[in-house]
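# Observations on the model geometry
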Amino acid sequence: MTTSIQHGIAASAGIGIGKVFLLQEDELIVVRTPTPKEDVKKEILRFRKALDKTRKGMEHDKDEMLRLLGKSHARLADAYLLILEDPILTKDVERLIAKELVNAEYAVQSSLEKVSHAFDILIDEYFRERKNDILEVGKKLLRNLLGIEKKNLGEMTEESIVVAHNLLPSDTVSLKNNLVRGFAINIGGKTSHTALLAQGLEIPAVVGLKDISAKVRPGQIMIVDGSQGVVLVDPEPAVLQNYVREREILLRESQELTKLKDLPAQTLDGKRVELSANIETADEIPAVISHGAEGIGLFRTEYLFTNRPDLPEEEEQFQQYSRVAKQMLPYPTLFRTLDIGGDKLAPFIEDYTQERNPFLGLRALRFCLKNPEIFRTQLRALLRASAHGKTRIMFPMVSGIEDFREGKRILESVRAELVSEGVPIGDKIDIGAMIEVPSAALTADLIAQEADFLSIGTNDLIQYTLAVDRVNENVASLYEPMHLAILRLLRAVVDSAHACGKWVGMCGEMAADSNFTQLLLGLGIDELSVVPSSIPRIKKTIRSTDLAAAKRFAQEILSTTDFRAVREIFNRAKLKII
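Note on numbering: residues in each chain are counted from 1, in written sequence order. Confidence filtering applies because this is a predicted model: local features only for residues at pLDDT of at least 70, side-chain atom pairs given and counted only at 80 or more, and all residues used for totals across whole chains, interfaces and linings. Processing note: side-chain calculations cover all non-hydrogen atoms of the structure and skip hydrogens and water entirely.

### Observations concerning the sheet that holds strand 5 (residues 180-185)
Between any two strands, at least two bridges found by DSSP are needed for them to pair. Helix numbering and strand numbering both begin at the N terminus, where a helix is a DSSP run of H or I of at least 4 residues and a strand a DSSP run of E of at least 2. Taken together, 8 strands build an open sheet; the order of strands is 1-8-7-3-4-5-6-2 and the sheet is mixed. Edge positions in the sheet fall to strand 1 (4-7) and strand 2 (9-12), since each has one partner strand and no second. The average angle at which neighbouring strand axes cross in this sheet is 30°, direction not considered. Bridging between strand 5 and strand 6 (residues 205-207) involves 2 bridges; their strand directions are parallel. Looking across to strand 6, one finds that Phe183 is bridged to Ala205. Running over the sheet, helix 8 (residues 237-257) touches strand 3 (15-23), strand 7 (221-225) and strand 8 (230-233) and is turned about 115° from strand 3. The axes used here are C-alpha line fits, helices contributing only the stretch in contact, and every angle between their N-to-C directions lies in the interval 0 to 180 degrees. In this analysis, two residues are considered to be in contact whenever any of their non-hydrogen atoms come within 4.5 Å of each other.

### Considerations on the pairing of strand 8
Burial classes follow relative accessibility: with a 1.4 Å probe on protein chains only, a residue under 20% of its type's maximum area counts as buried, one over 50% as exposed, and anything between as partly exposed. Here strand 8 shows a buried face lined by Val230 and Leu232 and a second buried face lined by Val231 and Val233. In this structure, strand 1 lies alongside strand 8, joined through 4 bridges in antiparallel fashion. Considered in strand 8, the bridge of Ile5 is made with Leu232. Sheet topology note: the strand 7/strand 8 ladder contains 4 bridges and is antiparallel. Bridging across to strand 8, Met222 finds its partner in Val233.

### Brief notes about helix 12 (residues 372-385)
Between its first and last C-alpha atoms helix 12 spans 20 Å; for 14 residues at 1.5 Å apiece the expected length is 20 Å, and the two agree. The element helix 12 is largely enclosed, with a buried count of 11 among its 14 residues. Of all the residues in helix 12, the buried ones are Ile374, Phe375, Arg376, Gln378, Leu379, Arg380, Ala381, Leu382, Leu383, Arg384 and Ala385. Next to the buried residues of helix 12 lie helix 10 (314-328), strand 11 (332-336), helix 11 (364-370), strand 12 (390-395) and helix 13 (401-420). For a helix, the expected span equals 1.5 Å multiplied by the number of residues minus one.

What follows is the structure in structure tokens.
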């Protein structure tokens, strides 16, 4: 038997081995049938009943997720419930039934196709994942209309790899049964529900496999290599044994890494590196502490604003931010201000115009400067929270010194306002800029003069600099962190900040890849912020690195002009340093 190898997107690191558990969806065949005019009300009522049944089922699933997986994953179910209230799945469907005199199933299918076409023109990975979310909720509604039941993960009886087209939050309520060894999913990217879930539960996962669910049979042996983005089906005995051995090595390494929890992230020659965590809810703090982080280097505040019918009030934001700051003491918490596009908050914005490309549009700091009331409310909450812990504030998607200055001006205005009201705030609050746009990287010398720190967001910086959409399979191979343009920008940003006596952090995926750690230290990065599960491995690499050698390594790479030579130097020097 020949091993079948499938390549996808590495979504959650590790090696999983088990039998295929195929979460096969029955094909939803929707036929257009006419609805007599006198039966329109009856057909709309049938649709509403299916909608209500879907809602109740999803509410039950949410309760189960809350009980089994915790609040952070239950919030995903909240997002799906809000999708169910979207006019596309309510008013549009009823309008089609009444106007076109068609059956409810056909009306739902037509509305979903409309959504699909609308999202296809967007290039941002986050928004494409939201398209998948809407389509999956629509399918759930269709199954209730058609009377089709979906296979349940609770039927699993042995160690398995879950293979599916996609996973809904409701599919995951039985995952903590110690039988799931990995995920292999047709669609999705690094921000998909499956990826986030797998990372949170530390289960190996590969997504974006296109048609893996059509290429396998239940019971086949499958290996999921979540670090390399590779899936092997029916591996030959020797290959299987190699992966079993590698999995055992990784397990032993993981156990050894836990011993580093309370040790400093310090190089062999004494350079102390601040090693922090990226999170978006307070529920993740126990994982931050248990993995040995020395603070939060990126707290994403967007979750408070998305998938809800209104904007969060100042008090709600304050309660969330202060809770995080308190729980992280004596370590610092870096809050990133709202990093979201105007299209996600369109219902709350006057005169909003739909953007064809939100990725290059009104988002992050640009959005906040154009909507100062939303910005000021968040800044009031953040400054109030600073009285309860060591707080840092960072503006995302800074384009240059002008918008950074304007952001600081508004912040200082809010600070003065709070002081005049007698509201307590922290004495020392560092204000920084996120460097993820080439224009900001090229003017980092100016920004560093007025910022307390700089933090490099490599995900967007690489995409913007190389003009590459990393989830576009036609150009994904051009997404290269080792491109000399990227490395020179990193060095320029670090040198600019250090010349002003300011520290530089990094919070993108490049920071979380231990293969790059020595290079980043050699370039002069002072702080790394990564997902909690990556902290032990990064810490081990830091503690095994000689900084002087790392600097020579970085300089040698920056001195070459040939990419193949860059890779050769990188691989050779990395081994020497370790």
